[in-house]
Amino acid sequence: MRTTVDEWLTVVDSRGRFTAIVGLLLAFFVSLVEIVGAGIVAVSIQLATQDAGTAVRMPVLGDVGAILPGSDRSSDLRWMALLGSGFFVLRGVAVISQQYLTFRSSFGLAVRLTDRVMAQYLNRDYQWHLSQNSAELSSVSIAVCQFFASKVFTPLQLAGSQALTVLALGLVALTVEPVGALGAIFAIGLVVGALLWGTRKRLMPLSQIEVEELAVGQQLTTETFQAIREVKLLNLSETMRDRVRTSRRRWAHALRRSSTIIAAPRTVIETVAFAALITLVAYRSQGDSAAALAGIGVLGYAVIRILPSANNMVTHINTVRSGQASMRRLVEVLRPSDEIAAEAVRGASRHAALPLEAKGVCFGYNAAGAVLAGVDVRVDVGQSIGFVGATGCGKSTLLDIFAGLLEPTVGQVLLNEVPIAECRRSWWSQIGIVPQTITLLDASLMQNIALGVHVSDIDRTALARAVQLAQLDRVVDDLPDGLATPIGERGVRLSGGQRQRVAIARALYRDPPVILLDEGTSALDANTEQDVVRALRTDRPDRTLVMVAHRISTLRDCDEILLMDKGLVVNRGTYAHLLEHDPRFRRLANGDAR
């Protein structure tokens, strides 16, 4: 129990806790209104069934007839009808207000949870993201947060509200008809307790399956549509549908069972409650008929009002149980991480500046072996450095380390003698990256170039300059709406070379002093590539270029080229020097020429 409370406090923020308390206070007010309403019903029944000369007495109030302003029993009844109508209107307003507050706080919590989960994920380092599934992260950020809000937070508040209503009406029934009320409360309480006890261990496993299959289904559908070309060409439509269908059937099976367990208590509770009420009627009908009718009427009203509240209370409690897996999944994400907090502070604390130096840098992806094995490199302001080598020699990994996305397992990377981990945020504001894999949004061309900038805030001068330098102007002229033309999901309406030029324009939009290109021109034809590289060099004389390329001619004009093999820098020099003195470089250059 304490663990569950701790988990709830971890997931629900202070604003959510405050609104939950306010909701319970409002529920307490509703329960008081219920007591008054039940009292009005009790008095009305007694006024209608007892002789005119018989005093109608209620606990606390005493002789009700002396309080009412009516002159006779008929006028007393009219006053009670008027009073009752007023109180039930008040009750309706209070209940609607309570429900509005509950749902408002629930949906608001879902929004804030998504924001907190996104913050936790985005503060994790790049290497952590390499081991994660993006569909799973997306599912937790949206679906699981919404799942918790709707299946834990909201039902828990509503269960508390219904419990207060049951308690209030139970007290009224005990006051008016003690024996019958005790019997009904005992019978209903026994059934409710047995139902909650019997379902306590069945809902959690089903909840776990629901949350897991929710993520699996989202992952499978995302992968299917992302690979639509291969799905079509390889005739995999039925295979992919079958994978999704299997996952959704597991989800549906778990949801069907949990929904049945949640809904079943309603029938049982109603059966027991009405059986208890009928038994009481049979028992009380043997005495004074007027008194019996009054007592049975009040108890009947209480039972009729208690039944939906008791049913809803059990339903909400079981719903909370069925949503516990979402709470535990969120706890895993939201529990404060000293490592993440330290990383965020450390990465934003100092200013970054060239030169960039890699000293004895080694790196490996977990148990996959060493990718880099002791690299030493220095990059000065305005210098152009190129890296070449066979596939898998560590070029792209080294570029990610230079970008501050990966941390060396051994060695260090310094920016003007400051460890890159301590000035990462500053460094990121100074670099533009053209990656091998280009991420394009289903948005307009200008939105993809000025990524993350609202359309109204895009600097049109910087945009035009980036388009020109990336040799995109002809592409823009051919598009129906120019820069405002939507390019489709993942840029499907553009060719490979055009997508790469968009990536180059994106890197240039913010006019960074340092540009890192990881095969950034590989999809361009030779002439366009030369124009782009020349523009990068001449546009800003102090710009520093760090380039990875398979096409050796791309690096012909670099100040220094580093030849890599099996995670090591095996030679370095100018293009002419390496071509003359290194047979490995010569083989790469000759292969490039062919």
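Residues numbered from 1 in each chain as written. Predicted model: local features only at pLDDT ≥ 70, side-chain atom pairs only at ≥ 80, totals over all residues. Heavy atoms only, no water.

1. Considering the nonpolar core
Moving on, step 1. With 45 residues, the main nonpolar core has Ile449, Tyr509, Ile561 and Phe585 as its most contacted residues.
Moving on, step 2. In this structure, Tyr509 is in contact with Ile449, Ala450, Val453, Asp457, Ile458, Asp459, Ala462, Leu463 and Ala466, ignoring residues within four places of it in sequence. (Core = buried A, V, L, I, M, F, W, Y, C linked by side-chain atoms within 4.5 Å. Buried < 20%, exposed > 50% of the residue type's maximum accessible area, 1.4 Å probe, protein only. Contact = heavy atoms within 4.5 Å.)

2. Some thoughts on the pattern of salt bridges
Moving on, step 1. Within this structure, the stated rule accounts for 21 salt bridges.
Moving on, step 2. Its salt-bridge partner being Asp511, residue Arg540 comes within 3.5 Å of it at the nearest N-O pair. With Arg540 in the loop between α20 (526–539) and β10 (544–548) and Asp511 in the loop between α19 (496–509) and β9 (514–518), this residue pair connects regions lying 29 residues apart in the sequence.
Moving on, step 3. Exposure remark for Asp511: the relative accessible area of 31% places this residue in the partly exposed category.
Moving on, step 4. Two residues, Asp531 and Arg534, come together in a salt bridge whose shortest N-O distance is 3.0 Å. Of this pair, Asp531 and Arg534 both sit in helix α20, three residues apart, which is roughly one turn of the helix.
Moving on, step 5. Arg534 sits in the partly exposed class, given a relative accessible area of 44%.
Moving on, step 6. A cluster of three or more residues bridged by salt bridges with shared partners is formed by Arg465, Asp511, Asp539, Arg540, Asp542 and Arg543. (Salt bridge = Lys/Arg side-chain N within 4 Å of Asp/Glu carboxyl O. Helix = DSSP H or I, 4+ residues; strand = E, 2+ residues; numbered from the N terminus.)

3. Overview of the environment of Leu516
Moving on, step 1. Mapped onto the elements of the fold, Leu516 is located in strand β9.
Moving on, step 2. You can call Leu516 buried: its relative accessible area is 2%.
Moving on, step 3. For the pair Leu516 and Val548, spaced 32 residues apart in the sequence, the C-alpha separation amounts to 8.2 Å.
Moving on, step 4. Here Leu516 is in contact with Leu399, Ala403, Ile431, Gly432, Ile433, Val434 and Val546, once residues within four sequence places are set aside.

4. Topic: the side chain of Thr10
Moving on, step 1. Inspection of the secondary structure puts Thr10 in helix α1 (residues 2–11).
Moving on, step 2. From its side chain, Thr10 meets the backbone oxygen of Asp6 in a polar contact 2.9 Å long.
Moving on, step 3. Apart from residues lying up to four places away in sequence, Thr10 is in contact with Arg116, Val331, Leu334 and Arg335. (Polar contact = N/O pair within 3.5 Å; in protein donor to acceptor, adjacent residues only side chain to side chain.)

5. Considerations on the packing of helix α17 (residues 460–469) against α19
Moving on, step 1. Between α17 and α19, whose axes approach to 8 Å, the crossing angle comes to 135°. One element, α17, and the other, α19, form an angle in the oblique class. Crossing of α17 against α19: the hand is right-handed. Residues Ala462, Leu463, Arg465, Ala466 and Leu469 of α17 lie in contact with α19, whose contacting residues are Ala505, Leu508 and Tyr509.
Moving on, step 2. Looking at side-chain class alone, the contact of α17 with α19 contains seven nonpolar, no polar and one charged residues. (Axes fitted to C-alpha atoms, helices over the stretch in contact; angles between N-to-C directions. Parallel < 35°, antiparallel > 145°, perpendicular 65-115°, else oblique. Left-handed = near helix turned anticlockwise from the far one by under 90°. Nonpolar A, V, L, I, M, F, W, Y, C, P; charged D, E, K, R; others polar.)

6. Things to note about helix α14 (residues 395–402)
Moving on, step 1. Within α14, seven of the eight residues are buried, leaving the element largely enclosed by the surrounding structure.
Moving on, step 2. Once α14 ends, the next one or two residues include Gly404, with phi positive near 85°.

7. Brief notes about helix α12 (residues 324–334)
Moving on, step 1. Burial analysis of α12 places eight of its eleven residues in the buried class, the great majority of the element.
Moving on, step 2. If you check which residues of α12 are buried, you get Gln324, Ala325, Ser326, Met327, Leu330, Val331, Val333 and Leu334.

8. A look at the packing of aromatic side chains
Moving on, step 1. In total, this model carries six aromatic pairs according to the counting rule given.
Moving on, step 2. With a centroid separation of 6.3 Å and an interplanar angle of 15°, the aromatic rings of Trp8 and Phe153 are classed as stacked. With a gap of 145 residues between them, Trp8 in helix α1 and Phe153 in helix α6 (residues 134–176) connect regions that are remote in the sequence. Phe153 carries the same exposure label as Trp8, and that label is buried.
Moving on, step 3. Between Phe103 and Phe107 the ring centres are 6.3 Å apart and the planes differ by 20°, which places this aromatic pair in the stacked class. Here Phe103 pairs with Phe107, and both are found in helix α4 (residues 73–123), just four residues apart, close to one helical turn.
Moving on, step 4. When the ring centre of Trp251 is taken as origin, the NZ or CZ atom of Arg248, which lies over that ring, is 4.1 Å away. (Phe/Tyr/Trp six-rings, centres within 6.5 Å; stacked < 30°, edge-to-face > 60°. Lys NZ or Arg CZ within 6 Å of the ring centre and 35° of its normal.)

9. Side note on the confidence of the model for the protein chain
Moving on, step 1. When the pLDDT values of the protein chain are averaged, the result is 82; 86% of them are 70 or greater.
Moving on, step 2. Here helix α13 (residues 338–347) is the element of the protein chain with the lowest mean pLDDT, 54, and strand β12 (residues 568–573) is the one with the highest, 94. (pLDDT = per-residue confidence, 0-100.)

10. Concerning the sheet that holds strand β4 (residues 370–379)
Moving on, step 1. An order of β4-β3-β6-β7 is seen for the four strands of this open sheet, with the pairing classed as antiparallel. Taken across any chain shown, the strands that pair with only one partner, and hence form the sheet edges, are β4 and β7 (418–419).
Moving on, step 2. Looking at chain direction, strand β3 (residues 356–364) and β4 are connected through seven bridges and run antiparallel. Paired with Glu357 across the strands is Arg378, a residue of β4.
Moving on, step 3. Where α14 meets the sheet, it contacts β3, β4 and β6 (410–415), and its direction lies at approximately 55° from that of β4. (Pairing = 2+ DSSP bridges.)

11. Describing the packing of helix α8 (residues 203–226) against α12
Moving on, step 1. Relative to each other, α8 and α12 sit at 60°, their axes nearing to 7 Å. With respect to their mutual orientation, α8 and α12 come out oblique. Contacts between α8 and α12 pair Met204, Ser207, Gln208 and Val211 from the former with Gln324, Ala325, Ser326 and Arg328 from the latter.
Moving on, step 2. When grouped by side-chain class, the residues that make up the contact of α8 with α12 number three nonpolar, four polar and one charged.

12. Side note on the side chain of Asn448
Moving on, step 1. Tracing the backbone shows Asn448 in helix α16 (residues 445–449).
Moving on, step 2. Polar contacts involving the side chain of Asn448 include one to the main-chain carbonyl oxygen of Ser444, which spans 3.0 Å.
Moving on, step 3. Those residues in contact with Asn448, other than ones at most four positions away along the chain, are Leu440, Leu441, Ala443, Ile487, Val502 and Arg506.

13. Brief notes about unusual backbone geometry
Moving on, step 1. The amide bond that connects Leu354 to the next residue, Pro355, takes the cis arrangement and shows omega of 10°.
Moving on, step 2. Tracing the backbone shows Pro355 in the loop between α13 and β3.
Moving on, step 3. A positive phi is found at Gln471, a non-glycine position, where the angle reads about 60°.
Moving on, step 4. Counting through the fold element by element, Gln471 comes out in the loop between α17 and α18 (473–478).
Moving on, step 5. Even without a glycine there, the phi angle at Lys566 is positive, about 55°.
Moving on, step 6. Following the sequence through the fold, Lys566 ends up in the loop between β11 (560–565) and β12.

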